[in-house]
Amino acid sequence: MNPSRYDFLVIGSGLAGLAFALRAAEFGRVCVLTKGEVTDSNTSWAQGGIAAAMDEADSWELHEQDTLIAGAGLCDPEAVRFLVQRAPEAIEWLIGHGARFDQNGSDLALGREGGHSRNRIVHHADKTGWEIERTVVAAVRQRGNIEVFQHSFVTQLLMADGRCVGAEAVVGDDNEARTFTARAVMLATGGCGRMYTHTTNPRVATGDGIALASDVGAAVAGMEFMQFHPTTLYHPQMRSFLITEAVRGAGGTLRNHLGRRFLFDYDDRLELAPRDVVARAIEAEMKKHETWCVYLDMTHLRPELIRHEFPTIYERLRSIGLEVEKDWIPVVPAQHYSCGGVATDLAGRTNVPGLYAAGEVASTGVHGANRLASNSLLEALVFATAAAEAAKEEGPVEASPTATATKCISEAESIRLRTSLRHAMTQHAGIVRNFAGLRDAQASIDGLLSEFAKLPNAPFSSHPCETRNLILAASHVVRGALARKENVGLHFNEDLAVV
Ligand SMILES: Cc1cc2nc3c(=O)[nH]c(=O)nc-3n(C[C@H](O)[C@H](O)[C@H](O)COP(=O)(O)OP(=O)(O)OC[C@H]3O[C@@H](n4cnc5c(N)ncnc54)[C@H](O)[C@@H]3O)c2cc1C
(Lines give C-alpha, C1' and ligand atoms only; values in the text may rest on other atoms or scores of the structure.)
Protein backbone atom coordinates (compact mmCIF):
# COMPACT_ATOMS: atom_id res chain seq x y z
CA MET A 1 0.00 0.00 0.00
CA ASN A 2 1.24 3.53 -0.76
CA PRO A 3 2.32 5.53 2.28
CA SER A 4 0.15 8.38 3.55
CA ARG A 5 2.25 11.51 3.07
CA TYR A 6 2.32 14.48 5.43
CA ASP A 7 4.75 17.26 6.23
CA PHE A 8 4.98 16.36 9.90
CA LEU A 9 4.30 13.09 11.67
CA VAL A 10 3.69 13.15 15.43
CA ILE A 11 3.69 10.03 17.58
CA GLY A 12 1.74 10.65 20.78
CA SER A 13 -1.07 12.98 21.81
CA GLY A 14 0.04 14.29 25.21
CA LEU A 15 1.17 17.87 25.69
CA ALA A 16 4.46 17.44 23.79
CA GLY A 17 2.83 15.83 20.75
CA LEU A 18 -0.11 18.20 20.48
CA ALA A 19 1.93 21.36 21.18
CA PHE A 20 4.28 20.32 18.37
CA ALA A 21 1.31 19.57 16.10
CA LEU A 22 -0.28 22.97 16.72
CA ARG A 23 2.94 24.86 15.97
CA ALA A 24 3.91 22.67 13.00
CA ALA A 25 0.42 23.10 11.48
CA GLU A 26 1.45 26.69 10.71
CA PHE A 27 3.99 25.26 8.25
CA GLY A 28 2.28 22.22 6.73
CA ARG A 29 0.00 19.19 7.07
CA VAL A 30 0.30 17.25 10.30
CA CYS A 31 -0.60 13.67 11.19
CA VAL A 32 -0.87 12.61 14.86
CA LEU A 33 -0.79 8.89 15.63
CA THR A 34 -1.84 7.86 19.12
CA LYS A 35 -2.31 4.37 20.44
CA GLY A 36 -5.37 4.94 22.66
CA GLU A 37 -7.99 7.65 22.85
CA VAL A 38 -6.54 11.09 22.17
CA THR A 39 -6.58 11.99 25.89
CA ASP A 40 -4.92 8.76 27.10
CA SER A 41 -1.63 10.20 28.35
CA ASN A 42 0.46 11.09 31.38
CA THR A 43 -0.44 14.68 30.62
CA SER A 44 -4.10 14.07 31.47
CA TRP A 45 -3.09 12.66 34.85
CA ALA A 46 -0.82 15.50 36.01
CA GLN A 47 -2.14 16.99 39.20
CA GLY A 48 0.04 19.70 40.71
CA GLY A 49 0.75 22.18 37.94
CA ILE A 50 3.23 23.78 35.61
CA ALA A 51 6.14 25.89 36.81
CA ALA A 52 6.86 29.44 35.57
CA ALA A 53 8.28 32.58 37.17
CA MET A 54 5.13 34.72 36.80
CA ASP A 55 5.19 36.64 40.06
CA GLU A 56 6.84 40.00 40.62
CA ALA A 57 8.81 38.50 43.50
CA ASP A 58 10.12 35.77 41.19
CA SER A 59 12.49 35.66 38.22
CA TRP A 60 13.77 33.19 35.65
CA GLU A 61 17.11 33.38 37.43
CA LEU A 62 15.57 31.97 40.62
CA HIS A 63 13.69 29.30 38.67
CA GLU A 64 16.98 28.43 36.96
CA GLN A 65 18.80 28.19 40.28
CA ASP A 66 16.14 25.88 41.79
CA THR A 67 16.19 23.63 38.70
CA LEU A 68 19.99 23.37 38.80
CA ILE A 69 19.99 22.55 42.52
CA ALA A 70 17.39 19.79 42.03
CA GLY A 71 19.41 18.34 39.15
CA ALA A 72 22.37 17.79 41.51
CA GLY A 73 25.06 19.09 39.18
CA LEU A 74 24.07 17.02 36.14
CA CYS A 75 21.74 19.46 34.34
CA ASP A 76 22.75 21.01 31.04
CA PRO A 77 22.82 24.69 32.10
CA GLU A 78 22.06 25.89 28.57
CA ALA A 79 18.93 23.72 28.39
CA VAL A 80 17.80 24.89 31.82
CA ARG A 81 18.13 28.55 30.86
CA PHE A 82 16.31 27.89 27.57
CA LEU A 83 13.46 26.33 29.57
CA VAL A 84 13.00 28.85 32.35
CA GLN A 85 13.31 31.92 30.13
CA ARG A 86 10.47 30.64 27.94
CA ALA A 87 8.22 29.54 30.81
CA PRO A 88 6.03 32.67 31.12
CA GLU A 89 5.32 32.78 27.38
CA ALA A 90 4.46 29.07 27.49
CA ILE A 91 1.81 29.79 30.15
CA GLU A 92 0.49 32.71 28.08
CA TRP A 93 0.31 30.40 25.05
CA LEU A 94 -1.82 27.91 27.01
CA ILE A 95 -4.08 30.68 28.31
CA GLY A 96 -4.34 32.04 24.76
CA HIS A 97 -5.64 28.62 23.68
CA GLY A 98 -8.25 28.66 26.45
CA ALA A 99 -6.59 27.03 29.48
CA ARG A 100 -8.35 28.04 32.70
CA PHE A 101 -5.88 28.32 35.54
CA ASP A 102 -6.85 29.22 39.11
CA GLN A 103 -6.88 32.95 39.76
CA ASN A 104 -6.24 35.10 42.78
CA GLY A 105 -8.27 38.16 41.90
CA SER A 106 -6.99 39.21 38.49
CA ASP A 107 -3.65 37.41 38.95
CA LEU A 108 -2.78 33.76 38.54
CA ALA A 109 -2.90 31.87 41.84
CA LEU A 110 0.62 30.47 42.20
CA GLY A 111 1.29 27.41 44.37
CA ARG A 112 4.58 26.27 45.88
CA GLU A 113 6.07 22.76 45.61
CA GLY A 114 9.16 21.09 47.08
CA GLY A 115 12.44 22.56 45.77
CA HIS A 116 10.89 25.83 44.54
CA SER A 117 12.10 28.93 46.39
CA ARG A 118 9.09 30.97 45.24
CA ASN A 119 5.40 30.43 44.54
CA ARG A 120 5.42 29.60 40.82
CA ILE A 121 3.13 26.63 40.22
CA VAL A 122 0.33 27.57 37.83
CA HIS A 123 -2.53 25.14 38.39
CA HIS A 124 -6.14 24.14 37.87
CA ALA A 125 -7.17 22.77 41.31
CA ASP A 126 -5.50 19.35 41.54
CA LYS A 127 -6.18 18.40 37.90
CA THR A 128 -3.97 20.73 35.94
CA GLY A 129 -2.97 18.08 33.41
CA TRP A 130 -6.58 17.33 32.57
CA GLU A 131 -7.20 21.04 31.88
CA ILE A 132 -4.07 21.35 29.74
CA GLU A 133 -4.90 18.23 27.71
CA ARG A 134 -8.48 19.49 27.25
CA THR A 135 -7.10 22.78 25.97
CA VAL A 136 -4.67 21.38 23.41
CA VAL A 137 -7.10 18.71 22.17
CA ALA A 138 -9.75 21.40 21.59
CA ALA A 139 -7.22 23.58 19.74
CA VAL A 140 -6.11 20.66 17.55
CA ARG A 141 -9.75 19.89 16.64
CA GLN A 142 -10.10 23.41 15.29
CA ARG A 143 -7.21 23.02 12.85
CA GLY A 144 -8.23 21.68 9.48
CA ASN A 145 -4.71 20.52 8.61
CA ILE A 146 -4.08 18.28 11.64
CA GLU A 147 -5.40 14.73 11.33
CA VAL A 148 -5.49 12.62 14.48
CA PHE A 149 -5.57 8.82 14.19
CA GLN A 150 -6.66 7.27 17.48
CA HIS A 151 -6.05 3.58 18.26
CA SER A 152 -3.01 3.70 15.99
CA PHE A 153 -0.07 1.87 17.49
CA VAL A 154 3.31 2.80 16.04
CA THR A 155 5.39 -0.35 15.65
CA GLN A 156 8.51 1.03 13.94
CA LEU A 157 10.20 4.11 12.58
CA LEU A 158 11.02 4.07 8.88
CA MET A 159 14.44 5.03 7.56
CA ALA A 160 15.70 5.94 4.09
CA ASP A 161 19.33 6.88 3.36
CA GLY A 162 20.13 7.33 7.05
CA ARG A 163 17.17 9.66 7.63
CA CYS A 164 13.98 8.99 9.58
CA VAL A 165 11.18 9.56 7.08
CA GLY A 166 8.11 8.07 8.72
CA ALA A 167 6.59 5.29 10.76
CA GLU A 168 4.51 2.18 10.48
CA ALA A 169 1.37 1.98 12.61
CA VAL A 170 -1.26 -0.66 13.15
CA VAL A 171 -4.46 1.32 12.80
CA GLY A 172 -7.99 0.77 14.10
CA ASP A 173 -9.91 -2.28 15.23
CA ASP A 174 -9.12 -4.31 12.14
CA ASN A 175 -5.37 -3.95 12.81
CA GLU A 176 -4.48 -2.55 9.41
CA ALA A 177 -0.73 -1.95 9.06
CA ARG A 178 -0.17 1.43 7.38
CA THR A 179 2.88 3.50 6.58
CA PHE A 180 3.10 7.26 7.04
CA THR A 181 5.89 9.46 5.72
CA ALA A 182 6.81 13.02 6.60
CA ARG A 183 9.61 15.59 6.37
CA ALA A 184 10.05 15.35 10.15
CA VAL A 185 8.96 12.79 12.73
CA MET A 186 8.26 13.91 16.30
CA LEU A 187 8.50 11.22 18.95
CA ALA A 188 6.31 12.28 21.88
CA THR A 189 5.43 8.94 23.41
CA GLY A 190 5.81 9.85 27.10
CA GLY A 191 7.15 7.71 29.93
CA CYS A 192 7.88 4.08 30.78
CA GLY A 193 6.56 3.64 34.33
CA ARG A 194 4.85 0.38 33.49
CA MET A 195 8.17 -1.48 33.81
CA TYR A 196 7.68 -1.30 37.61
CA THR A 197 5.10 -3.02 39.83
CA HIS A 198 4.00 0.29 41.32
CA THR A 199 3.75 3.36 39.10
CA THR A 200 1.66 6.51 38.93
CA ASN A 201 1.71 6.30 35.13
CA PRO A 202 -1.28 5.27 33.02
CA ARG A 203 -1.35 2.12 30.87
CA VAL A 204 0.07 3.87 27.82
CA ALA A 205 3.41 4.58 29.55
CA THR A 206 5.29 1.60 28.16
CA GLY A 207 8.55 3.11 26.92
CA ASP A 208 7.61 2.67 23.26
CA GLY A 209 9.54 5.75 22.16
CA ILE A 210 12.75 4.59 23.83
CA ALA A 211 12.54 1.28 21.98
CA LEU A 212 11.48 2.81 18.63
CA ALA A 213 14.35 5.32 18.81
CA SER A 214 16.96 2.78 19.93
CA ASP A 215 15.93 0.51 17.06
CA VAL A 216 17.03 3.18 14.56
CA GLY A 217 20.22 4.08 16.42
CA ALA A 218 19.14 7.14 18.41
CA ALA A 219 21.18 7.88 21.53
CA VAL A 220 19.44 7.36 24.88
CA ALA A 221 20.79 8.99 28.06
CA GLY A 222 20.18 9.26 31.79
CA MET A 223 17.64 6.45 32.12
CA GLU A 224 19.02 5.47 35.55
CA PHE A 225 17.47 8.67 36.93
CA MET A 226 14.01 7.33 37.67
CA GLN A 227 11.88 9.43 39.96
CA PHE A 228 9.71 7.62 42.50
CA HIS A 229 6.78 9.35 44.15
CA PRO A 230 6.70 8.50 47.86
CA THR A 231 2.94 8.30 48.31
CA THR A 232 0.64 6.51 45.91
CA LEU A 233 -2.42 4.66 47.08
CA TYR A 234 -1.91 0.99 47.89
CA HIS A 235 -5.28 -0.45 47.02
CA PRO A 236 -6.27 -3.21 44.60
CA GLN A 237 -9.18 -1.20 43.16
CA MET A 238 -7.22 1.96 42.52
CA ARG A 239 -3.58 1.32 41.77
CA SER A 240 -1.45 4.23 40.59
CA PHE A 241 -3.48 6.92 42.32
CA LEU A 242 -1.06 9.59 43.43
CA ILE A 243 -1.48 11.44 46.71
CA THR A 244 0.29 14.73 46.15
CA GLU A 245 3.07 15.80 48.49
CA ALA A 246 1.01 18.90 49.18
CA VAL A 247 -0.94 16.67 51.59
CA ARG A 248 2.26 16.25 53.61
CA GLY A 249 2.87 19.96 53.15
CA ALA A 250 -0.54 20.59 54.72
CA GLY A 251 0.43 18.51 57.78
CA GLY A 252 -0.24 14.88 56.76
CA THR A 253 2.08 12.45 58.56
CA LEU A 254 3.49 9.04 57.64
CA ARG A 255 3.12 6.09 60.01
CA ASN A 256 4.14 2.45 59.90
CA HIS A 257 1.69 -0.37 60.63
CA LEU A 258 2.37 0.09 64.36
CA GLY A 259 1.33 3.75 64.17
CA ARG A 260 4.87 5.09 64.65
CA ARG A 261 5.95 8.23 62.76
CA PHE A 262 8.98 6.43 61.41
CA LEU A 263 10.52 9.41 59.59
CA PHE A 264 11.98 10.42 62.98
CA ASP A 265 14.40 7.52 62.37
CA TYR A 266 15.47 8.75 58.93
CA ASP A 267 15.59 12.53 58.40
CA ASP A 268 15.23 15.65 60.55
CA ARG A 269 12.97 17.23 57.96
CA LEU A 270 10.50 14.40 58.56
CA GLU A 271 7.61 14.31 56.05
CA LEU A 272 8.90 17.45 54.33
CA ALA A 273 12.24 15.93 53.34
CA PRO A 274 12.76 15.80 49.54
CA ARG A 275 10.78 13.21 47.57
CA ASP A 276 13.67 10.81 47.04
CA VAL A 277 14.60 10.85 50.76
CA VAL A 278 11.01 10.13 51.82
CA ALA A 279 10.66 7.39 49.18
CA ARG A 280 13.88 5.70 50.39
CA ALA A 281 12.74 5.93 54.03
CA ILE A 282 9.38 4.32 53.21
CA GLU A 283 11.06 1.54 51.27
CA ALA A 284 13.49 0.89 54.13
CA GLU A 285 10.65 0.84 56.68
CA MET A 286 8.60 -1.58 54.59
CA LYS A 287 11.62 -3.87 54.21
CA LYS A 288 12.42 -3.66 57.94
CA HIS A 289 8.92 -4.74 58.99
CA GLU A 290 8.17 -6.86 55.92
CA THR A 291 4.97 -4.90 55.23
CA TRP A 292 3.34 -4.09 51.90
CA CYS A 293 2.71 -0.41 52.60
CA VAL A 294 2.86 2.41 55.16
CA TYR A 295 0.09 4.87 56.05
CA LEU A 296 -0.61 8.53 55.43
CA ASP A 297 -2.49 10.05 58.35
CA MET A 298 -4.68 13.10 57.70
CA THR A 299 -7.13 12.43 60.52
CA HIS A 300 -5.86 15.44 62.51
CA LEU A 301 -6.39 17.90 59.60
CA ARG A 302 -9.55 19.98 59.26
CA PRO A 303 -11.97 18.11 56.95
CA GLU A 304 -12.94 21.39 55.21
CA LEU A 305 -9.26 22.00 54.37
CA ILE A 306 -8.92 18.54 52.82
CA ARG A 307 -12.16 18.89 50.86
CA HIS A 308 -11.22 22.35 49.61
CA GLU A 309 -7.52 21.83 48.82
CA PHE A 310 -7.66 18.23 47.60
CA PRO A 311 -11.13 17.67 46.14
CA THR A 312 -10.11 14.91 43.73
CA ILE A 313 -8.19 12.97 46.36
CA TYR A 314 -11.04 13.36 48.84
CA GLU A 315 -13.67 12.12 46.42
CA ARG A 316 -11.61 9.29 44.92
CA LEU A 317 -10.76 7.92 48.38
CA ARG A 318 -14.39 8.13 49.46
CA SER A 319 -15.38 6.17 46.34
CA ILE A 320 -13.42 3.17 47.66
CA GLY A 321 -14.66 3.56 51.22
CA LEU A 322 -11.72 5.46 52.70
CA GLU A 323 -12.71 8.46 54.82
CA VAL A 324 -9.68 10.67 55.32
CA GLU A 325 -11.20 12.15 58.49
CA LYS A 326 -11.12 8.71 60.13
CA ASP A 327 -8.92 6.34 58.14
CA TRP A 328 -5.21 6.18 57.58
CA ILE A 329 -4.50 5.91 53.86
CA PRO A 330 -2.34 2.94 52.78
CA VAL A 331 0.49 4.22 50.55
CA VAL A 332 3.57 2.91 48.74
CA PRO A 333 6.28 4.66 46.71
CA ALA A 334 5.77 4.26 42.97
CA GLN A 335 7.71 5.06 39.82
CA HIS A 336 6.59 8.49 38.71
CA TYR A 337 8.81 10.13 36.11
CA SER A 338 11.66 9.18 33.83
CA CYS A 339 14.28 11.96 33.78
CA GLY A 340 16.29 10.30 31.03
CA GLY A 341 15.30 9.43 27.50
CA VAL A 342 16.18 9.99 23.86
CA ALA A 343 18.98 12.57 23.82
CA THR A 344 18.10 15.83 22.04
CA ASP A 345 19.53 19.27 21.48
CA LEU A 346 17.67 22.49 22.29
CA ALA A 347 15.55 22.12 19.15
CA GLY A 348 14.45 18.57 19.98
CA ARG A 349 16.75 17.05 17.34
CA THR A 350 18.02 13.55 18.05
CA ASN A 351 21.22 12.22 16.50
CA VAL A 352 19.09 10.55 13.79
CA PRO A 353 18.37 13.03 10.97
CA GLY A 354 14.65 13.76 10.62
CA LEU A 355 13.81 12.35 14.06
CA TYR A 356 12.81 14.75 16.86
CA ALA A 357 11.78 13.96 20.43
CA ALA A 358 10.08 16.01 23.15
CA GLY A 359 8.36 15.54 26.50
CA GLU A 360 8.99 12.71 28.90
CA VAL A 361 10.48 10.43 26.23
CA ALA A 362 13.27 12.95 25.61
CA SER A 363 16.40 13.81 27.53
CA THR A 364 17.00 17.50 26.92
CA GLY A 365 19.42 17.87 29.83
CA VAL A 366 16.94 19.96 31.81
CA HIS A 367 16.41 17.53 34.68
CA GLY A 368 19.95 16.26 35.27
CA ALA A 369 19.90 13.71 38.10
CA ASN A 370 16.53 14.80 39.50
CA ARG A 371 13.49 16.64 38.19
CA LEU A 372 12.23 19.74 39.92
CA ALA A 373 8.48 19.34 40.53
CA SER A 374 6.23 20.75 37.78
CA ASN A 375 9.08 21.31 35.33
CA SER A 376 8.03 18.40 33.11
CA LEU A 377 4.84 19.79 31.58
CA LEU A 378 6.81 22.96 30.97
CA GLU A 379 9.66 21.05 29.33
CA ALA A 380 7.20 19.20 27.07
CA LEU A 381 5.67 22.48 25.88
CA VAL A 382 8.83 24.57 25.49
CA PHE A 383 10.92 21.98 23.65
CA ALA A 384 8.07 20.73 21.45
CA THR A 385 7.51 24.31 20.30
CA ALA A 386 11.21 24.79 19.57
CA ALA A 387 11.27 21.48 17.70
CA ALA A 388 8.44 22.57 15.39
CA GLU A 389 10.41 25.71 14.49
CA ALA A 390 13.42 23.57 13.57
CA ALA A 391 11.41 20.84 11.81
CA LYS A 392 9.90 23.28 9.32
CA GLU A 393 13.34 23.53 7.71
CA GLU A 394 13.45 19.79 6.82
CA GLY A 395 13.42 19.10 3.09
CA PRO A 396 10.91 16.91 1.22
CA VAL A 397 10.96 13.11 1.37
CA GLU A 398 11.32 11.36 -1.97
CA ALA A 399 11.69 7.78 -0.70
CA SER A 400 8.85 5.29 -0.13
CA PRO A 401 10.38 3.21 2.64
CA THR A 402 9.13 -0.28 3.41
CA ALA A 403 8.49 -1.60 6.88
CA THR A 404 9.96 -4.85 8.19
CA ALA A 405 7.78 -7.55 9.77
CA THR A 406 6.92 -6.87 13.42
CA LYS A 407 7.50 -9.78 15.80
CA CYS A 408 4.54 -10.47 18.06
CA ILE A 409 3.89 -13.16 20.65
CA SER A 410 0.69 -14.31 22.32
CA GLU A 411 -0.87 -12.09 24.97
CA ALA A 412 -0.62 -14.85 27.58
CA GLU A 413 3.16 -15.10 27.06
CA SER A 414 3.37 -11.32 27.00
CA ILE A 415 1.67 -11.05 30.39
CA ARG A 416 4.07 -13.65 31.81
CA LEU A 417 7.17 -11.85 30.50
CA ARG A 418 5.91 -8.46 31.64
CA THR A 419 5.24 -9.74 35.16
CA SER A 420 8.80 -11.11 35.38
CA LEU A 421 10.18 -7.81 34.15
CA ARG A 422 8.26 -5.82 36.74
CA HIS A 423 9.49 -8.07 39.54
CA ALA A 424 13.10 -7.80 38.41
CA MET A 425 12.96 -4.02 38.00
CA THR A 426 11.12 -3.38 41.27
CA GLN A 427 13.40 -5.63 43.26
CA HIS A 428 16.73 -4.66 41.71
CA ALA A 429 16.46 -1.36 39.83
CA GLY A 430 14.03 0.56 42.00
CA ILE A 431 14.63 3.12 44.72
CA VAL A 432 17.61 1.42 46.38
CA ARG A 433 19.98 -0.55 44.15
CA ASN A 434 23.21 -2.54 44.49
CA PHE A 435 25.61 -3.98 41.94
CA ALA A 436 24.66 -7.64 42.46
CA GLY A 437 20.96 -6.86 42.10
CA LEU A 438 21.53 -4.76 38.99
CA ARG A 439 23.53 -7.60 37.42
CA ASP A 440 20.62 -9.95 38.24
CA ALA A 441 18.22 -7.51 36.60
CA GLN A 442 20.41 -7.32 33.49
CA ALA A 443 20.51 -11.14 33.30
CA SER A 444 16.70 -11.27 33.62
CA ILE A 445 16.32 -8.68 30.88
CA ASP A 446 18.68 -10.54 28.53
CA GLY A 447 16.74 -13.75 29.25
CA LEU A 448 13.38 -12.09 28.58
CA LEU A 449 14.59 -10.61 25.29
CA SER A 450 15.85 -13.96 24.08
CA GLU A 451 12.61 -15.68 25.17
CA PHE A 452 10.63 -13.04 23.28
CA ALA A 453 12.68 -13.74 20.14
CA LYS A 454 12.23 -17.53 20.41
CA LEU A 455 8.49 -17.66 21.20
CA PRO A 456 6.24 -18.46 18.22
CA ASN A 457 4.95 -15.54 16.18
CA ALA A 458 1.34 -14.52 16.83
CA PRO A 459 -1.09 -12.09 15.17
CA PHE A 460 -0.58 -8.43 16.05
CA SER A 461 -1.62 -7.22 19.47
CA SER A 462 -0.30 -4.10 21.17
CA HIS A 463 0.37 -5.74 24.56
CA PRO A 464 3.29 -7.91 23.37
CA CYS A 465 4.79 -5.00 21.41
CA GLU A 466 4.62 -2.87 24.52
CA THR A 467 6.20 -5.65 26.56
CA ARG A 468 9.16 -5.79 24.21
CA ASN A 469 9.44 -2.00 24.38
CA LEU A 470 9.36 -2.08 28.18
CA ILE A 471 12.11 -4.71 28.28
CA LEU A 472 14.32 -2.63 25.96
CA ALA A 473 13.68 0.55 27.96
CA ALA A 474 14.42 -1.34 31.20
CA SER A 475 17.71 -2.45 29.74
CA HIS A 476 18.71 1.22 29.34
CA VAL A 477 17.80 1.86 33.00
CA VAL A 478 19.89 -1.04 34.27
CA ARG A 479 22.88 -0.37 32.03
CA GLY A 480 22.85 3.29 33.07
CA ALA A 481 22.66 2.30 36.75
CA LEU A 482 25.50 -0.22 36.42
CA ALA A 483 27.70 2.34 34.67
CA ARG A 484 27.18 5.06 37.27
CA LYS A 485 29.89 4.94 39.90
CA GLU A 486 28.57 7.58 42.30
CA ASN A 487 25.32 8.21 44.10
CA VAL A 488 23.80 11.34 42.70
CA GLY A 489 20.25 12.69 42.61
CA LEU A 490 17.75 9.90 42.13
CA HIS A 491 20.34 7.16 41.63
CA PHE A 492 21.11 5.40 44.93
CA ASN A 493 23.35 2.33 45.00
CA GLU A 494 23.91 1.08 48.54
CA ASP A 495 27.32 -0.33 47.55
CA LEU A 496 28.45 3.23 46.85
CA ALA A 497 26.94 4.78 49.98
CA VAL A 498 29.42 6.51 52.28
CA VAL A 499 28.98 5.11 55.78
C1 LIG B 1 -0.02 11.12 38.21
C2 LIG B 1 0.93 12.09 37.56
C3 LIG B 1 1.03 13.39 38.05
C4 LIG B 1 1.90 14.30 37.43
N5 LIG B 1 1.92 15.59 37.88
C6 LIG B 1 2.70 16.49 37.22
C7 LIG B 1 2.65 17.87 37.57
O8 LIG B 1 1.91 18.27 38.45
N9 LIG B 1 3.45 18.73 36.86
C10 LIG B 1 4.29 18.32 35.87
O11 LIG B 1 5.00 19.15 35.28
N12 LIG B 1 4.34 17.02 35.52
C13 LIG B 1 3.56 16.10 36.15
N14 LIG B 1 3.60 14.79 35.77
C15 LIG B 1 4.46 14.41 34.64
C16 LIG B 1 3.84 14.88 33.33
O17 LIG B 1 2.46 14.61 33.34
C18 LIG B 1 4.46 14.16 32.13
O19 LIG B 1 5.84 14.16 32.20
C20 LIG B 1 4.04 14.86 30.83
O21 LIG B 1 2.64 14.97 30.80
C22 LIG B 1 4.54 14.07 29.64
O23 LIG B 1 3.92 14.58 28.48
P24 LIG B 1 4.25 13.89 27.09
O25 LIG B 1 3.48 14.62 26.07
O26 LIG B 1 5.69 13.75 26.95
O27 LIG B 1 3.71 12.38 27.26
P28 LIG B 1 2.23 11.84 27.53
O29 LIG B 1 1.35 12.89 28.02
O30 LIG B 1 2.36 10.62 28.36
O31 LIG B 1 1.75 11.39 26.07
C32 LIG B 1 2.33 10.28 25.42
C33 LIG B 1 1.44 9.90 24.25
O34 LIG B 1 2.10 8.96 23.40
C35 LIG B 1 1.18 7.94 23.04
N36 LIG B 1 1.96 6.75 22.66
C37 LIG B 1 2.88 6.09 23.40
N38 LIG B 1 3.40 5.06 22.68
C39 LIG B 1 2.79 5.08 21.47
C40 LIG B 1 2.87 4.26 20.29
N41 LIG B 1 3.68 3.19 20.22
N42 LIG B 1 2.10 4.57 19.23
C43 LIG B 1 1.24 5.63 19.27
N44 LIG B 1 1.11 6.43 20.37
C45 LIG B 1 1.88 6.16 21.44
C46 LIG B 1 0.34 7.79 24.30
O47 LIG B 1 -0.85 7.09 24.03
C48 LIG B 1 0.14 9.26 24.66
O49 LIG B 1 -0.88 9.83 23.88
C50 LIG B 1 2.73 13.88 36.36
C51 LIG B 1 2.63 12.56 35.89
C52 LIG B 1 1.74 11.67 36.48
C53 LIG B 1 1.65 10.27 35.94
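Shown above is the structure to which this text applies.
Cut-off values and rules
Residues numbered from 1 in each chain as written. Predicted model: local features only at pLDDT ≥ 70, side-chain atom pairs only at ≥ 80, totals over all residues. Heavy atoms only, no water. Helix = DSSP H or I, 4+ residues; strand = E, 2+ residues; numbered from the N terminus. Polar contact = N/O pair within 3.5 Å; in protein donor to acceptor, adjacent residues only side chain to side chain. Near = heavy atom within 4 Å. Nonpolar A, V, L, I, M, F, W, Y, C, P; charged D, E, K, R; others polar. Pairing = 2+ DSSP bridges. Axes fitted to C-alpha atoms, helices over the stretch in contact; angles between N-to-C directions. Contact = heavy atoms within 4.5 Å. Phe/Tyr/Trp six-rings, centres within 6.5 Å; stacked < 30°, edge-to-face > 60°. Buried < 20%, exposed > 50% of the residue type's maximum accessible area, 1.4 Å probe, protein only. Lys NZ or Arg CZ within 6 Å of the ring centre and 35° of its normal. Salt bridge = Lys/Arg side-chain N within 4 Å of Asp/Glu carboxyl O.

Q: For this particular structure, what's the right way to read the side chain of Ser-461?
A: Inspection of the secondary structure assignment puts Ser-461 in the loop between α13 (435–454) and α14 (462–483). Looking at Ser-461, its side chain comes within polar contact range of the side chain of Glu-411, at 2.6 Å.

Q: Before we go on, may I ask you to explain the site of the ligand in this structure?
A: Taken together, 38 residues are adjacent to the ligand, and Thr-43, Gly-49, Asp-208, Glu-360 and Ser-376 come closest. The backbone of Ala-16 places a nitrogen or oxygen atom 2.9 Å from an oxygen atom of the ligand. At 2.7 Å, a backbone N or O of Gly-49 approaches a nitrogen atom of the ligand. Broken down by secondary-structure element, the contributors of at least two residues to the shell around the ligand are α1 (15–24), α2 (42–45), β10 (152–160), β18 (329–338) and α11 (376–391). Of the residues that constitute the shell around the ligand, the class distribution is 13 nonpolar, 20 polar and 5 charged.

Q: Honestly, the sheet that holds strand β9 (residues 146–149) in this entry has me stumped. Any pointers?
A: The strands that make up a sheet are held in pairs by hydrogen bonds between backbone atoms, and each pair lies either parallel or antiparallel. A sheet is described by the order of its strands in space; here 5 strands give the open sequence β9-β3-β2-β13-β20, paired in parallel fashion. In the strand order of this sheet, the two ends are held by β9 and β20 (355–357), each with one partner. Neighbouring strand axes in the sheet, compared pairwise and without regard to direction, differ in orientation by 20° on average. Summarising the sheet, strand β3 (residues 30–33) and β9 pair through 4 bridges and their orientation is parallel. Its bridge partner lying in β9, Val-30 is registered against Ile-146. Those strands touched by α11 are β2 (8–11), β13 (184–187) and β20, and its axis lies near 165° from that of β20.

Q: I'm lost on the packing of aromatic side chains in this one. Help?
A: Where two aromatic rings form a pair, the distance of their centres and the angle of their planes describe that pair. Throughout the structure, instances matching the rule amount to 8 aromatic pairs. Ring geometry for Phe-8 versus Phe-20: centroids 6.2 Å apart, planes at 80°, classification edge-to-face. With Phe-8 in strand β2 and Phe-20 in helix α1, the pair connects residues that are 12 residues apart, well separated along the chain. You can call Phe-8 buried: its relative accessible area is 0%. Between the aromatic rings of Phe-149 and Phe-180, the centroid separation amounts to 5.4 Å while the plane-to-plane angle is 70°, which identifies the pairing as edge-to-face. Of the two residues, Phe-149 sits in strand β9 while Phe-180 sits in strand β12 (residues 176–181), which places them 31 residues apart along the sequence. The exposure classification of Phe-149 matches that of Phe-180, with both residues buried. Every member of this aromatic cluster is reached through a ring pair, and the members are Tyr-6, Phe-149 and Phe-180. Note that Lys-127 overlies the ring of Trp-130, its terminal NZ or CZ placed 4.9 Å from the centroid.

Q: Would you explain the pattern of salt bridges in this entry?
A: Think of it this way: side chains of opposite charge can pair up when their charged atoms draw near. Taken as a whole and assessed by the stated rule, the structure comprises 30 salt bridges. Taking the shortest distance from any N to any O, the salt bridge between Glu-389 and Arg-23 comes out at 2.2 Å. Taken together, the residues span a long stretch of sequence, with Glu-389 in helix α11 and Arg-23 in helix α1 at a distance of 366 residues. On the basis of relative accessible area, Glu-389 is assigned to the partly exposed category, the value being 26%. Take Arg-23: its relative accessible area is 21%, and that puts it in the partly exposed class. The residue Arg-416 makes a salt bridge to Glu-451 at a minimum N-O spacing of 2.7 Å. Of this pair, Arg-416 sits in helix α12 (residues 411–428) while Glu-451 sits in helix α13, placing them 35 residues apart in sequence.

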